[in-house]
Amino acid sequence: MPLNKDNIDVLWDTTTPRLYGYLVNVLHDKSLAEDILQTTWLKAIQALPSFKDRSGASFSSWLFAIARNECKQHWRKAGREISFDPEIHDKEIIESKEEDKIFVDQIIKQFSESDRELIRLHYIADLSLNDIAKLLKINPVTVRVRMHRALSFAKLYLKNNNNYE
Amino acid sequence: MNKYKIIQNRFGSWGKNKREIPLNNEMLKKEVLSRFPSDLNKKVYPKRSPLIWLPVAFTAMAVFVLLVNFTGYSNNVGKQNIFQAEIGKDSFSTSDVFKSIIPPMPPYGREQSSISDTREFLKIDYNATLRTRNVNDLKNKTEMIIRGFNGRIDSSNGGEKNGYINFVIPKTNLESFRIEIKDLVGTRFYSEQISSQNLLPQKQIIEENQRQTEIKLDNFQSERAQIIGNHNSSIAFYKGEILTKNTEINTLNMEYQYANIWRRAEITNRINQLQTEIEAIQLKIRNENISYQEKLNNINSQIKNTQENLGAIKLQDTNLLDNVATVNGSIYLNWISLWDIADTYIPGPLLAWVLFLTAFASFLWYRRSMRVSYLDF
């Protein structure tokens, strides 16, 4: 799809829910997520000519790369990653959970941060495993193996908690 | 349904539920799209960060320091080789213990020594430099060690930054003393220079002086004996002459009682003549005694001086042997900074390492900033 003003409009509509959902899940702070969403888009728009010269990378994965860099910059400035505290952050994030969502949230808490990032990028950002490999600069096979392990762990966790439908 | 699929579905459902749009989505969208560039075909080059010059500059400085250091080292090695070659031409043999030592001592009096004389009277000088963070403490420990090895401290001086100790220890204790001193600070902070010199020429000079003096003393004693002998024979001769003349006088006195008047006059004249001759002989005896006494005093004085010289030479000999049996030493204590300590442990110039590390760190910084600014993945 050629990148022009009309297409960007469509891209915004298709990408923003995934990007914003990803940022909220990472940052646990909706207002901060909005700030970073805006910054990410502005930087993407600004650097769009350089993206046009690049071949083989999808726009959405490029956008997520920018967003990840923005998050890192934010944490660097903040000194460290602020852990999620429901008292401080948006309460509605955990208030309106369905049963499935609560179980998945419980499971991914057991994962390492790198595995959590895989899950977010695959299921929230809807990126393919190859795009995730490019984004994280690791081997695609490694991404597959880690994803498989994470899901196997989740399966075991759910089995132990007797939660199969 | 496959359990693995169930899990995937649950995660998929979870991911979809997580997707949402921000509350002021339209406003954000409008804001972002208003910044959309008019000409997308315009080439945009990433802004070159000035930080790229930092690693380059630091690396260049490090290489420069290395080159300067290497050049200085080469010159020093060259000079040292020449110095060692010159030393090698003149060096004289030392024991195995001191093989690693360059003797900077002048070859005193070596030209007079005969090669056939292979005796060794090695005088050893020991100099050491210790580097420490606590000069006073190390000085006290060093003094205790010197005294523990039956040594004598001749002078010492200590301050916060520097100190020195001059001392003497028995030669037999030198090896164990060196090990003890080295263990105080470790080999990296210890340097020593031990020089040895064969005092054979001095020993030979002393021996030659002693031999000459003993010959001289023998000569004086022979001369003295000869003076005494000559004197005794002269006195005996004069006493014999007086005895003869007194015998003649006695004979003439006995004849005088029975002689006529003419004969008496002759006897009287003869007796007077004999008495005059006796007086002359007695005068000669007195003169001989005076001359003898003078000669004897003179020769005695010379003998006494020669004996004193001989005593002094023997004392010199004893001193030389004592000197050979001891080691003169001096230990310098220098304060060392942390930078110098690091420099001691790191091969090559420390400054170059610091510059290389700084270059590497600035390169990493540059890479990070570039990664952020290029938005690359």
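The coordinates are above.
Okay, so let's go over this structure.

The rules we used
- Residues numbered from 1 in each chain as written.
- Chains lettered and ligands numbered in written order.
- Predicted model: local features only at pLDDT ≥ 70, side-chain atom pairs only at ≥ 80, totals over all residues.
- Heavy atoms only, no water.
- Helix = DSSP H or I, 4+ residues; strand = E, 2+ residues; numbered from the N terminus.
- Buried < 20%, exposed > 50% of the residue type's maximum accessible area, 1.4 Å probe, protein only.
- Contact = heavy atoms within 4.5 Å.
- Areas by Shrake-Rupley, 256 points an atom, 1.4 Å probe, with all protein chains shown as cover.
- Axes fitted to C-alpha atoms, helices over the stretch in contact; angles between N-to-C directions.
- Left-handed = near helix turned anticlockwise from the far one by under 90°.
- Nonpolar A, V, L, I, M, F, W, Y, C, P; charged D, E, K, R; others polar.
- Salt bridge = Lys/Arg side-chain N within 4 Å of Asp/Glu carboxyl O.
- Patch = residues over 30% accessible without salt bridge, like charges linked within 9 Å, V, L, I, M, F, W, Y side chains within 5 Å.
- Lys, Arg positive; Asp, Glu negative; His and termini not counted.
- Charge placed at Lys NZ, Arg CZ, Asp CG, Glu CD.
- Pairing = 2+ DSSP bridges.
- Phe/Tyr/Trp six-rings, centres within 6.5 Å; stacked < 30°, edge-to-face > 60°.
- Core = buried A, V, L, I, M, F, W, Y, C linked by side-chain atoms within 4.5 Å.
- Parallel < 35°, antiparallel > 145°, perpendicular 65-115°, else oblique.
- Expected span 1.5 Å × (residues − 1).

### With respect to the overall build of chain A
Move 1: Per the secondary structure count, chain A includes 9 helices and 0 strands.
Move 2: Each helix (α) and strand (β) of chain A, taken in turn from the N terminus, gives the series α-α-α-α-α-α-α-α-α.
Move 3: Burial analysis of chain A (165 residues in total) assigns 51% to the buried set.
Move 4: For chain A, long-range pairs separated by at least 24 residues make up 61% of all intrachain contacts whose partners lie at least 6 apart in sequence.
Move 5: For chain A, the exposed area adds up to about 8200 Å²; of that, 48% sits on carbon and sulfur atoms.

### Some points on the overall build of chain B
Move 1: Counting its secondary structure elements, chain B contains 9 helices and 5 strands.
Move 2: For chain B, the N- to C-terminal ordering of α and β elements is α-α-α-β-α-β-β-α-β-α-α-β-α-α.
Move 3: Looking at chain B as a whole, 32% of its 377 residues qualify as buried.
Move 4: Within chain B, counting contacts between residues at least 6 apart in sequence, those at least 24 apart form 78% of the total.
Move 5: Element-wise, carbon and sulfur atoms account for 55% of the exposed surface of chain B, whose accessible area totals about 24100 Å².

### Let's talk about the packing of helix H4 (residues 59–78) of chain A against helix H8 (residues 129–136) of chain A
All names here are of chain A.
Move 1: Between H4 and H8, the least distance of the axes is 10 Å, while the angle of their chain directions is 35°. For the pair H4 and H8, the sense of crossing is right-handed. Taken together, the residues of H8 that come into contact with H4 (itself represented by Ser61, Phe64, Ala65 and Arg68) are Asp131, Leu135 and Leu136.
Move 2: Taken together, the residues of the contact of H4 with H8 break down into 4 nonpolar, 1 polar and 2 charged.

### Examining the pattern of salt bridges
Move 1: With the rule as written, the count across this model stands at 23 salt bridges over all chains.
Move 2: Across the pair B:Asp137 and B:Lys141 runs a salt bridge whose closest N-O atoms are separated by 3.3 Å. A residue pair is termed a helical-turn pair when its members lie 3 or 4 positions apart in one helix, as B:Asp137 and B:Lys141 do in helix H4 (residues 135–148) at 4 residues.
Move 3: Judged by relative accessible area, which is 34%, B:Asp137 ranks as partly exposed.
Move 4: Overall, the relative accessible area of 39% leaves B:Lys141 in the partly exposed class.
Move 5: In this structure, B:Arg211 and B:Glu208 form a salt bridge, with 3.0 Å as the shortest nitrogen-oxygen distance. Taken together, the residues span about one helical turn, with B:Arg211 and B:Glu208 both in helix H6 (residues 200–256) at a distance of 3 residues.
Move 6: Given a relative accessible area of 42%, B:Arg211 falls into the partly exposed group.
Move 7: The structure contains a network of salt bridges with shared partners spanning A:Arg68, A:Glu113, A:Arg116, A:Glu117 and A:Arg120.

### Observations regarding unusual backbone geometry
Move 1: At A:Lys137, a position not held by glycine, the phi torsion is positive, near 60°.
Move 2: Here A:Lys137 lies in the loop between H8 and helix H9 (140–160).
Move 3: A:Lys137 gets classed as exposed once you look at its relative accessible area, which sits at 51%.
Move 4: The phi dihedral of B:Asn150 is positive, around 60°, even though this residue is not glycine.
Move 5: Considering the arrangement of structural elements, one finds B:Asn150 in the loop between H4 and strand E2 (152–158).
Move 6: Owing to a relative accessible area of 61%, B:Asn150 belongs among the exposed residues under this scheme.

### A look at a positive patch on the surface
Move 1: Positive charge collects at one region of the surface, where A:Lys72, A:Arg76, A:Lys137, B:Arg367 and B:Arg368 lie side by side.
Move 2: Broken down by secondary-structure element, the contributors of at least two residues to the positive patch are H4 of chain A together with helix H9 (350–374) of chain B.
Move 3: Within the element layout of this structure, A:Arg76 appears in helix H4.
Move 4: With relative accessibility at 39%, the residue A:Arg76 sits in the partly exposed group.

### A few points about the pairing of strand E1 (residues 122–132) of chain B
Residue and element names in this part refer to chain B.
Move 1: When you tally the buried positions in E1, you get 8 out of 11 residues, the bulk of the element.
Move 2: In this sheet, strand E4 (residues 190–198) lies alongside E1 in antiparallel orientation, the contact comprising 9 bridges. What sits directly across from asparagine 127, in E4, is glutamine 193.
Move 3: Bridge analysis of E1 against strand E5 (residues 326–335) gives 9 bridges, and the strand direction is parallel. Counted as the bridge partner of arginine 131 is asparagine 334 from E5.

### A word on the packing of aromatic side chains
Residues and elements named next belong to chain A.
Move 1: Enumeration over the complete set of coordinates arrives at 16 aromatic pairs over all chains.
Move 2: With centroids separated by 4.9 Å and ring planes inclined at 40°, the aromatic side chains of tryptophan 12 and tryptophan 41 adopt a geometry described as tilted. Note that tryptophan 12 is positioned in helix H1 (residues 5–27) and tryptophan 41 in helix H2 (residues 30–46), a separation of 29 residues in sequence. Neither residue differs from the other here; tryptophan 12 and tryptophan 41 are each classed as buried.
Move 3: Taken together through their ring pairs, the aromatic side chains of Trp12, Trp41, Phe59 and Trp62 make up a single cluster.

### As for the nonpolar core
Move 1: By size, the foremost hydrophobic cluster in this structure holds 61 residues, and its most contacted members are A:Ile8, A:Leu23, A:Trp41, A:Phe59, A:Ile119, A:Leu121 and B:Phe11.
Move 2: Residues in contact with A:Trp41, not counting those within four places in the same chain, are A:Ile8, A:Leu11, A:Trp12, A:Thr15, A:Thr16, A:Leu19, A:Phe59, A:Leu63 and B:Val32.
Move 3: If you look at the next biggest cluster of nonpolar residues, it comprises 23 residues, including B:Leu138, B:Ile145, B:Ile165 and B:Ile336.

### Remarks on the packing of H2(A) against H4(A)
Residue and element names in this part refer to chain A.
Move 1: It is at 9 Å that the axes of H2 and H4 come closest, and there the two elements cross at 125°. Taken as axis vectors, H2 and H4 run oblique relative to one another. When you trace H2 past H4, the crossing you get is right-handed. Across the interface between the two elements, Leu32, Ile36, Thr39, Thr40, Trp41, Lys43 and Ala44 from H2 touch Phe59, Trp62, Leu63, Ile66, Ala67, Glu70, Cys71, Gln73 and His74 from H4.
Move 2: Residues of the contact of H2 with H4, tallied by class, amount to 10 nonpolar, 4 polar and 2 charged.

### Considerations on H4(B)
Residues and elements named next belong to chain B.
Move 1: With 14 residues, H4 extends 20 Å from end C-alpha to end C-alpha; this agrees with the ideal 20 Å at 1.5 Å per step.
Move 2: On its buried side, H4 packs onto E1, E2, strand E3 (162–170), helix H5 (174–185) and E5.
Move 3: Two residues or fewer after H4 comes asparagine 150, characterised by a positive phi angle close to 60°.

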